[in-house]
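Notes for the structure review
The chain contents come next:
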Amino acid sequence: MNLAVRHAEGDALNHETLEAYVEAIRLIERTHRRFLDVVKDELDRLGKDEVNNVQAVLLHNLGREILTPSELKSRGYYMGSNVSYNLKKLGELGYLTQERSSHDRRTVRITVTEKGAEIAAIVDGLLARHLQSLGPIGGVDCASLGHVAQTLRRLDRFWKDQVLYRL
């Protein structure tokens, strides 16, 4: 039995919940893309065309941490299937370094260089500016963000469990 049929037999609440769930999924993706557009606009405005928006956010999320590519993805610091390409490109351009671990030569550790930290600081400044107008212009306060973050963490855990436990 397909989803539409199952919900046609159910009550209005199930239908409303389904619509809200599907809309939330769409909004997660669209909101992320819009944020990347905002970062791209900031980089363009500042004449920083050597890195793209995804790479700038990656550098910002790395900060001063030393991570492996796997840690980068598992912590949610990177979105996209071409992490290897972006790491290679950022390394070639001098925005980060990749060094083999002395204990396990198969493991690569990634760190942001000073040049990369400058790009991360641009994203930091953008976020700081947003905080000034998020409430007055965007109508989004700290409590609202807390509720959204809590819901997104719950969805993340739910989806993770779906995969891990084949629910």
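Quick note: structure is the one above.
So, a few notes on the structure that sits alongside this text. Everything numeric here is computed off the predicted structure, so don't read it as measured data.

Considerations on the packing of helix H3 (residues 53–62) against helix H6 (residues 114–134)
The geometry of H3 relative to H6 is characterised by a closest axis approach of 8 Å and an angle of 90° between their N-to-C directions. By the angle between their axes, H3 is roughly perpendicular relative to H6. From H3, Ala-56, Leu-59 and His-60 reach across to H6, where they touch Gly-116, Ile-119, Ala-120, Val-123, Asp-124 and Leu-127. Taken together, the residues of the contact of H3 with H6 sort by class into six nonpolar, two polar and one charged.

Points about the nonpolar core
Grouped together as the largest cluster of nonpolar side chains are 24 residues, with contacts concentrated most on Leu-58, Leu-62, Leu-72 and Leu-96. Mapped onto this core, the elements with two or more residues apiece are helix H2 (12–45), H3, helix H5 (83–92), strand E2 (108–112) and H6. Those residues in contact with Leu-58 that lie beyond four places of it in its chain are Leu-72, Tyr-77, Tyr-78, Leu-87, Leu-90 and Leu-96.

Description of a nonpolar patch on the surface
A contiguous nonpolar patch, built from Tyr-21, Ile-25, Ile-28, Val-148, Leu-152, Phe-158 and Trp-159 and spanning about 570 Å² of accessible area, is present on the exposed surface. Among the elements of the structure, H2 and helix H7 (142–164) are those that each provide at least two residues to the nonpolar patch. In terms of residue count, the dominant contributor to the nonpolar patch is H7 (four residues). When you line up the elements, Ile-25 lands in helix H2.

Quick notes on the rules
- Residues numbered from 1 in each chain as written.
- Predicted model: local features only at pLDDT ≥ 70, side-chain atom pairs only at ≥ 80, totals over all residues.
- Heavy atoms only, no water.
- Axes fitted to C-alpha atoms, helices over the stretch in contact; angles between N-to-C directions.
- Helix = DSSP H or I, 4+ residues; strand = E, 2+ residues; numbered from the N terminus.
- Parallel < 35°, antiparallel > 145°, perpendicular 65-115°, else oblique.
- Contact = heavy atoms within 4.5 Å.
- Nonpolar A, V, L, I, M, F, W, Y, C, P; charged D, E, K, R; others polar.
- Core = buried A, V, L, I, M, F, W, Y, C linked by side-chain atoms within 4.5 Å.
- Buried < 20%, exposed > 50% of the residue type's maximum accessible area, 1.4 Å probe, protein only.
- Patch = residues over 30% accessible without salt bridge, like charges linked within 9 Å, V, L, I, M, F, W, Y side chains within 5 Å.
- Areas by Shrake-Rupley, 256 points an atom, 1.4 Å probe, with all protein chains shown as cover.
- Salt bridge = Lys/Arg side-chain N within 4 Å of Asp/Glu carboxyl O.

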